[in-house]
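Reading the structure
Chain by chain, the residues:
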Number of protein chains: 2
Amino acid sequence: MTTFKLNSTAASLLGFLHERPMAGWDLLETAQQRIGNFWSLTQSQVYRELAAMAEAGLIEAGERGRRERQPYTLTEAGRAAFQDWLRQEPGPETIRIPLLLTMAFGSHLPPDRLAAILEHQRTRHSERLRSYEQRQSAIPPAYREANPAAVATLDLGIAYERAFINWLDQLPASIRGGDAAA
Amino acid sequence: MTTFKLNSTAASLLGFLHERPMAGWDLLETAQQRIGNFWSLTQSQVYRELAAMAEAGLIEAGERGRRERQPYTLTEAGRAAFQDWLRQEPGPETIRIPLLLTMAFGSHLPPDRLAAILEHQRTRHSERLRSYEQRQSAIPPAYREANPAAVATLDLGIAYERAFINWLDQLPASIRGGDAAA
DNA sequence: TGGTACATGTAACATGTTACATGATTAG
DNA sequence: CTAATCATGTAACATGTTACATGTACCA
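Residues numbered from 1 in each chain as written. Chains lettered and ligands numbered in written order. Predicted model: local features only at pLDDT ≥ 70, side-chain atom pairs only at ≥ 80, totals over all residues. Heavy atoms only, no water.

1. As for the overall build of chain A
Across its full length, chain A holds 9 helices and 4 strands. Counting helices and strands in the order they occur from the N terminus, chain A gives α-β-α-α-β-β-α-β-α-α-α-α-α. For 182 residues, the compact-globule formula gives about 16 Å, and the C-alpha radius of gyration of chain A, at 21 Å, lies well above that figure. With the principal axes as the frame, chain A shows a C-alpha extent of 70 × 40 × 40 Å. When burial is assessed residue by residue, chain A has 44% of its 182 residues classed as buried. Accessible surface, chain A as shown: approximately 9700 Å² in total, 49% of it carbon and sulfur. A gap of 3 Å separates the mean positions of the 20 positive and 21 negative side-chain charges of chain A. (Helix = DSSP H or I, 4+ residues; strand = E, 2+ residues; numbered from the N terminus. Rg over C-alpha atoms; globule rule 2.2 N^0.38 Å. Buried < 20%, exposed > 50% of the residue type's maximum accessible area, 1.4 Å probe, protein only. Areas by Shrake-Rupley, 256 points an atom, 1.4 Å probe, with all protein chains shown as cover. Lys, Arg positive; Asp, Glu negative; His and termini not counted. Charge placed at Lys NZ, Arg CZ, Asp CG, Glu CD.)

So this is what it looks like as structure tokens:
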């Protein structure tokens, strides 16, 4: 009964299994769509966690379907472990921003190279913002009302991207470049 | 000559070694102060990377000083590897926000529990914002002018925390709670 | 002289990443 | 019939985390 020690990735898989039995493949797709935005996971991890959780009795393998598809069902123990995990105070963010490392060591870089990097980042973040905004506008009102908290996660992504782009734009001209060229 | 494949953590240590020879202990302190904000590392990692880089000839151990202190010096190969790394396009952020997982599965949580979690997070982020702001106001103008890019990293932290708190405050009352009690 | 901060190092394990091998099914 | 997509699984390795063992020097 000592509830199995879940990591966040495994717990998320259990979360999705509340909706219906799914195989690794479905779970990966689902996770990437629904939480991939702020929680990355790979195919390898999914199969590893599924195997471990099946071993621990949190989920049960059903009969193989088409294409060797291996569906898993939540067990009572799995539900309990998930509830346990979900009620914990969420841990601290892990935020690792390679660009900031580059900037921290910016004095070892020629100004124009740093400026080029910043320009490139601006493009990438603008694109991401645009894609988030599109996704946001595509959310059906019914889903929004049924899952307000889940929908709100996208809002934070948008707020982050806007803050990031705004920060880039406010950077002193001395590091953003454009000065030197003129 | 095939330049050693550096990870960002190891590269950062090389970055700090440009300033002066340092031992693991100093490097850990320095890194936590200067990049800890957006790049976490542990004592274990520092010693591991130092050992690997010494092995690869990127740094050289000097004579032990007081308290078994083991200083390392950059080699030419180390400088080259660092320059190589620094010029790369910085990779994508790793952002993992456990709170958003909790929210994504918020429908499995009693509303008051979710509201309590959000409240708690608000406190933590406010404190962090305050500490960042204090650090920002304590930066000597001379340092700011000499290292504008390094200083700007703190600005992004502040922008992020403000965006986060603002997002929390804009969350619909239905999930923030305060409704039910009234 | 005893506690605390300094300092290094290792062991064990958890998590994340990349690459590959294998086979099933479908669409053209 | 064959290329593409679906689907699972494993191996090898990189990185990150936690805990512990050891010893040094300072300072109250």
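2. Thoughts on the nonpolar core
Ranked by size, the top nonpolar core spans 94 residues in total, and within it Met-103 and Trp-167 of chain A together with Met-103 and Trp-167 of chain B carry the most contacts. The contacts of Trp-167 of chain A, once residues within four sequence positions are left out, are Leu-99, Leu-100 and Met-103 of chain A together with Ala-152, Asp-155 and Leu-156 of chain B. (Core = buried A, V, L, I, M, F, W, Y, C linked by side-chain atoms within 4.5 Å. Contact = heavy atoms within 4.5 Å.)

3. Looking at the protein's contact with DNA strand D
Inspection of the region around DNA strand D gives 19 residues, with Tyr-47, Arg-69 and Arg-96 of chain A together with Gln-45 and Arg-48 of chain B positioned closest. Counting only the atoms of DNA strand D within 4 Å of the protein, the fraction contributed by sugar and phosphate is 58%. Separating a base oxygen of DNA strand D from a side-chain N or O atom of Gln-43 of chain A is a distance of 3.2 Å. Between a phosphate oxygen of DNA strand D and a side-chain N or O atom of Arg-64 of chain A, the distance comes to 2.7 Å. (Near = heavy atom within 4 Å. Polar contact = N/O pair within 3.5 Å; in protein donor to acceptor, adjacent residues only side chain to side chain.)

4. Looking at the pattern of salt bridges
Pairs can form between side chains of opposite charge once their charged atoms are near each other. Residues and elements named next belong to chain A. The final tally for this structure, using the stated rule, is 16 salt bridges over all chains. The closest approach of N and O atoms between Glu-19 and Arg-34, which form a salt bridge, is 2.5 Å. With Glu-19 in the loop between α1 (8-17) and β1 (22-23) and Arg-34 in helix α2 (residues 24-34), this pair connects stretches of sequence that are 15 residues apart. Take Glu-19: its relative accessible area is 45%, and that puts it in the partly exposed class. Among the salt bridges present, the one from Arg-162 reaches Glu-133, with a minimum N-O distance of 2.7 Å. A residue pair is termed long-range when its members are at least 10 positions apart, and Arg-162 in helix α8 (residues 148-170) and Glu-133 in helix α6 (residues 111-137) qualify at 29 residues. Given a relative accessible area of 27%, Glu-133 falls into the partly exposed group. (Salt bridge = Lys/Arg side-chain N within 4 Å of Asp/Glu carboxyl O.)

5. Details of the packing of α1 of chain A against helix α4 (residues 76-87) of chain A
Residue and element names in this part refer to chain A. Two elements in contact, α1 and α4, have axes whose closest approach is 10 Å; the angle formed by their N-to-C orientations is 125 degrees. Taken together, the axis directions place α1 and α4 in an arrangement best described as oblique. When the axes of α1 and α4 are compared, the crossing they make is left-handed. Contact with α1, carried on its side by Ser-8, Ala-11, Leu-14 and Gly-15, involves Gly-78, Phe-82 and Trp-85 of α4 and no other residues of that element. Taken together, the residues that form the contact of α1 with α4 break down as 4 nonpolar, 3 polar and no charged. (Axes fitted to C-alpha atoms, helices over the stretch in contact; angles between N-to-C directions. Parallel < 35°, antiparallel > 145°, perpendicular 65-115°, else oblique. Left-handed = near helix turned anticlockwise from the far one by under 90°. Nonpolar A, V, L, I, M, F, W, Y, C, P; charged D, E, K, R; others polar.)

6. As for the protein's contact with DNA strand C
As a structural note, the neighbourhood of DNA strand C is formed by 20 residues, with Gln-45 and Arg-48 of chain A together with Tyr-47, Arg-69 and Arg-96 of chain B the closest of them. Counting only the atoms of DNA strand C that lie within 4 Å of the protein, the sugar and phosphate share comes to 59%. Taking Ser-44 of chain A, its side chain carries an N or O atom lying 2.5 Å from a base oxygen of DNA strand C. Between DNA strand C and the protein, one listed contact pairs a phosphate oxygen with a side-chain N or O atom of Gln-45 of chain A at 2.4 Å. Looking at the surface near DNA strand C, the elements that each hand over two or more residues are α3 (43-55) of chain A together with α2 (24-34) and α3 (43-55) of chain B. Its residues placed into classes, the surface near DNA strand C shows 3 nonpolar, 9 polar and 8 charged.

7. Points about the environment of Tyr-160 of chain B
Within the secondary structure layout, Tyr-160 of chain B lies in helix α8 (residues 148-170). Residue Tyr-160 of chain B is classed as buried on the basis of its relative accessible area, which comes to 9%. Taking the C-alpha atoms as reference, Tyr-160 of chain B lies 23 Å from Pro-141 of chain B; in sequence the two are 19 residues apart. With near-sequence residues (within four places) excluded, Tyr-160 of chain B lies in contact with Glu-93, Ile-95 and Tyr-160 of chain A together with Ile-97 of chain B.

Interpretation note: all reported values are geometric properties and have no functional meaning in isolation.
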